[in-house]
Amino acid sequence: MEASVELFCRIGIEETTAQNIMVNPKVRSSVLAVIKEAGVQNGCNKSVGNVLYTIATKYPANRANALRHRPKFLSYVTSGKIKSHQLDAAFRYFSSDPEEFLVEDFERVCGVGVVVSPEDAELAVEKVLEKNKAKLLDERYKFNVGILLAQVRELQPFADFTYVKKVIDKKMHELLGERTAEDDVKTKKKKPKPEVLIEEILPVEEVSPYSIFPKPEDNIGVHVEIRFSDGTVLNPANTRAMLEKHLKATGGRVYTRFPPEPNGYLHIGHAKAMFVDFGFACDANGYCYLRFDDTNPDAEKEEYIEHIKEIVEWMGWKPFKITYSSDYFQELYELAVELIKSGHAYVDHQTADEIKEYRENFKESPWRNRPVEESLDLFEKMKAGLIEEGQATLRMKQDMKNENYNMLDLIAYRVKKASHPRTKDKWCIYPSYDFTHCIVDSLENISHSLCTLEFESRRVSYYWLLDRLNLYLPYVWEYSRLNMTNNVLSKRKLNRLVTEKYVDGWDDPRLLTLAGLRRRGMPATAINAFCRSIGITRSDNLIRMDKLEHFVRDELNKTAPRTMVVLHPLKVVIENLEATEEVEGKRLPDDPSATYKMPFTRVVYIERSDFRTKDSKDFYGLAKGKSALLRYAYPITCVDYVCDKDGEVIEIRATYDAKKSIKPKGVLHWVPEPAEGARPLEVEVRLFDRLFLSEDPAELKDTWLEDLNPHSKQVIHGAFALDNLRTAKPGDRFQFERTGYFCVDPDSSAEKLVFNRTVTLKTSYP
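Everything numeric here is computed off the predicted structure, so don't read it as measured data. (Residues numbered from 1 in each chain as written. Predicted model: local features only at pLDDT ≥ 70, side-chain atom pairs only at ≥ 80, totals over all residues. Heavy atoms only, no water.)

Things to note about the overall build of the chain
Short version of the rule: What counts as a helix is a DSSP run of H or I of at least four residues, what counts as a strand is a run of E of at least two, and both are numbered from the N terminus. C-alpha atoms define the radius of gyration, and 2.2 Å times the number of residues to the power 0.38 defines the globule rule. The rule is simple: take the accessible area with a 1.4 Å probe, protein chains only, and divide by the maximum for that residue type; under 20% is buried, over 50% is exposed, in between is partly exposed. We call two residues in contact when some of their heavy atoms are within 4.5 Å. The Shrake-Rupley method, run with a 1.4 Å probe sphere, supplies the accessible areas, and residue values consider only the shown protein chains as cover. Neither His nor the chain ends contribute to the count of charged residues, in which Lys and Arg are positive and Asp and Glu negative. By convention, the charge on Lys lies at NZ, on Arg at CZ, on Asp at CG and on Glu at CD.
Broken down by element type, the chain carries 23 helices and 29 strands. Here the C-alpha radius of gyration of the chain, 36 Å, is well above what a compact globule of 766 residues would show, namely 27 Å. Among the 766 residues that make up the chain, the fraction classed as buried is 49%. Summarising the internal contacts of the chain: among those between residues at least 6 apart in sequence, 69% fall at separations of at least 24. A total accessible area of about 38700 Å² is found for the chain, and carbon and sulfur atoms account for 49% of it. Placing the 112 positive and 119 negative side-chain charges of the chain at their respective mean positions leaves the two points 3 Å apart.

Side note on helix 19 (residues 459-468)
Because each turn of an α-helix spans 3.6 residues, side chains separated by three or four positions end up pointing in the same direction. Counting buried positions along helix 19 gives seven out of ten residues, so the element sits mostly inside the fold. One or two steps after helix 19, the chain reaches Asn 470, where phi turns positive at roughly 60°.

A closer look at the pairing of strand 4 (residues 287-292)
Note the following rule: For a crossover, the right-handed case is the one in which the path from the first strand over the helix to the second runs clockwise, viewed with the strands pointing away from the viewer. By this definition, two strands are paired if DSSP reports at least two bridges between them.
Burial analysis of strand 4 places five of its six residues in the buried class, which makes it a mostly covered element. With helix 13 (residues 268-283) bridging strand 3 (residues 255-258) and its parallel neighbour strand 4, the resulting β-α-β unit is right-handed. Pairing analysis gives three bridges linking strand 4 to strand 5 (residues 322-324), with the strands arranged parallel. Looking across to strand 5, one finds that Leu 290 is bridged to Ile 322. Read as a crossover between parallel neighbours, the route from strand 4 over helix 14 (residues 302-314) to strand 5 is right-handed.

So, the domain arrangement of the chain
Applied cut-off: Each domain's extent is set by a domain assignment, obtained either automatically or from a database.
With domains assigned, the chain is organised as domain 1 (5-110), domain 2 (118-182), domain 3 (495-560 + 684-760) and domain 4 (565-668). Each of domain 1 and domain 2 was reduced to a C-alpha centroid, and the two centroids are 31 Å apart.

Some thoughts on helix 4 (residues 46-58)
Rule in force here: Expected helix span is computed as 1.5 Å times (number of residues minus one). Note that the arc is defined by the directions from the helix axis to the C-beta atoms.
With 13 residues, helix 4 should cover 18 Å at 1.5 Å per step; its first-to-last C-alpha distance of 18 Å lies within 8% of that length. Along helix 4, the positions that sit buried rather than exposed are Val 48, Gly 49, Val 51, Leu 52, Ile 55 and Ala 56. The buried side chains of helix 4 occupy one side of the element, clustering within an arc of 160° when seen end-on. Of the exposed residues in helix 4, those oriented more than 90 degrees away from the buried face are Ser 47 and Lys 58.

Things to note about the confidence of the model for the chain
Selection criterion: Summary of the metric used: pLDDT quantifies the predictor's per-residue confidence within the range 0 to 100.
Looking at the chain, the pLDDT average stands at 91 and 96% of residues meet or exceed 70. Low confidence marks residues 189-205, where pLDDT is under 50. Its contacts with residues over four positions away, or in another chain, come to two contacts.

Some remarks on the packing of aromatic side chains
The condition that has to hold: Stacked, tilted and edge-to-face pairs are distinguished by plane angle, under 30 degrees for stacked and over 60 for edge-to-face with tilted covering the rest, among Phe, Tyr and Trp rings (Trp via its six-membered ring) whose centres lie within 6.5 Å.
A full pass over the atoms with the stated rule returns 43 aromatic pairs. Both rings, one in Tyr 210 and one in Phe 280, keep their centres 5.9 Å apart while their planes meet at 25°; by these two values the pair is stacked. Taken together, the positions of Tyr 210 in the loop between helix 11 (161-176) and strand 1 (226-227) and Phe 280 in helix 13 put the pair 70 residues apart, joining distant regions of the chain. In terms of burial, Tyr 210 and Phe 280 fall into one category: buried. Aromatic side chains Tyr 596 and Tyr 632 sit 6.4 Å apart centroid to centroid with 80° between the ring planes, which places their arrangement in the edge-to-face category.

Right, dumping it as structure tokens:
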């Protein structure tokens, strides 16, 4: 029996609904299973069909016993003993996951055989209307009919509530008469605000983003329904003994794992994964492994392993243990042998292209049904290095007709005669991700295996393998991966940007690698706060870059010391200043004691953009005859300016108001001349913008590189800085007043400081 719109319409489902079912694999599979179990392949009346559709979408199929009892329950539906108004009671009964289907209990709970006559239903409605009569007369048709229905349900829980609603409508009309225009006017009642003392107001406790995850002790239900092409069904679930053994090993605590492949640098998507894995474990007082998925020796490097360890620590997470998939190579090999012995794996000699072709056409390999002893012998030869690469693989014997691509005999082991970073030359066969990941989760007693949605289709193969090996089954929970605007997170695309020199390495501040964000000056705590704000959902969306910048800006506003740097200096000579004075600036806005000293000298430098030869009302900088306040110092007034031979302003002549009697609107940042004739501290400043012009460059397919922003990096040489920055070290963060937040770059030296702009003071995004 195959799913089709015609089949679904035969049981009374509307054509539009049937079409929607066809495009949703999960719902399609469930409806198909219910039709088969109910034995209505040839059709049924519409009322029964609608009940069957409700069961397919709402039945507690995650309970092992409930799923086992479903065919019996469906016989009640097709025989007319259970109708739509009894479904909620039935669902509650099966949600308790009863081991035995006790007919007497089930029929009592669901009201099977209970007949509520029209007279009984009308009598219940009359009682409820009489009870609410005064309020009905006052509120008329604005009264909430749901209250009446709920009260009738208490009196007659097994009444037909379609009929009950008709009776209520009729009786209300008899009591109230025709509806008037006033009855349809919606009024909002203002609730009086209670008088509350300020001391009584308590902060609202934030709901934990991890509250969506089930508890370890509840892991007894069916994880996924695996439907085979021959019509059989596998419902993988832990036995009570398995669960008790797991809980004894873990003490009932949450165990998670963060499992990166050591073949590249981590990016902000991994920050979200760390927030989910480490964060959930911390929140639940549990443990999180840092596990390196090191099953591909060709792609792995010690450099990446050390980088990942360093970044995890920088992000503020402390692993319970650091493990490697390679730690379990012996156990994995032994389990592969067990899989062959049980008839669920075989050695195959097809090439990679042949495997791909056969899988696409749902064809079995010629070697799929070879004797178990033969596969065992060949697998041993693979392990001994007697078979060359590409000549044999070990494949799981799953279901080559299955509609899920991840059930088409996945590869479990390959021959790869390459030295492994940790095991060196001990092994020349290496397990695949699909074979390794779920088994190591089980061996490490992981309670919650959390991953992104692209792995959702692998859930069936994950549980199929653990079930065949009789191993503990962790929870698997998928959430949406993180996508950011104006950038890419694909490992392949990041690698190309780096290797083809479109950017300046894996830690280029324009990239969303965590090394790049750190170099740009973004605090790990701000990145974690951002991850918390976007939550753990299944909604696939594109997060704007300015949302991340908001959290960075919010933290740096509290923690970054203030200073002043002029990016494009313009000389100002204060003609009436006879002697240098000392003024005091604020380092942190909320700490009055955090200050710094600087000289107010006859020559200072301001930003070139803060002077105009032609003034305007909306300009608050300097112009001839106009005043502005030098931050932390005095108001100055431009009396003249000097131009070079090309007409460019090179010097401003000004006077200052020692009594501060002038109150100009404009406030300018500035840098003083440290000594007569000496230049201020010169620094290099790098301004970074969006790496790509388009919000979603991934949509551009093969032309994505053409979308690179040619102005994503601007280097400013010869900026002037206050002398208090002279001792700044790489990683130090500052707010350059009126300019933005900046971080000292590792390229800095004793001769030259280099600053990266982390974020602007205000968002520059639309």
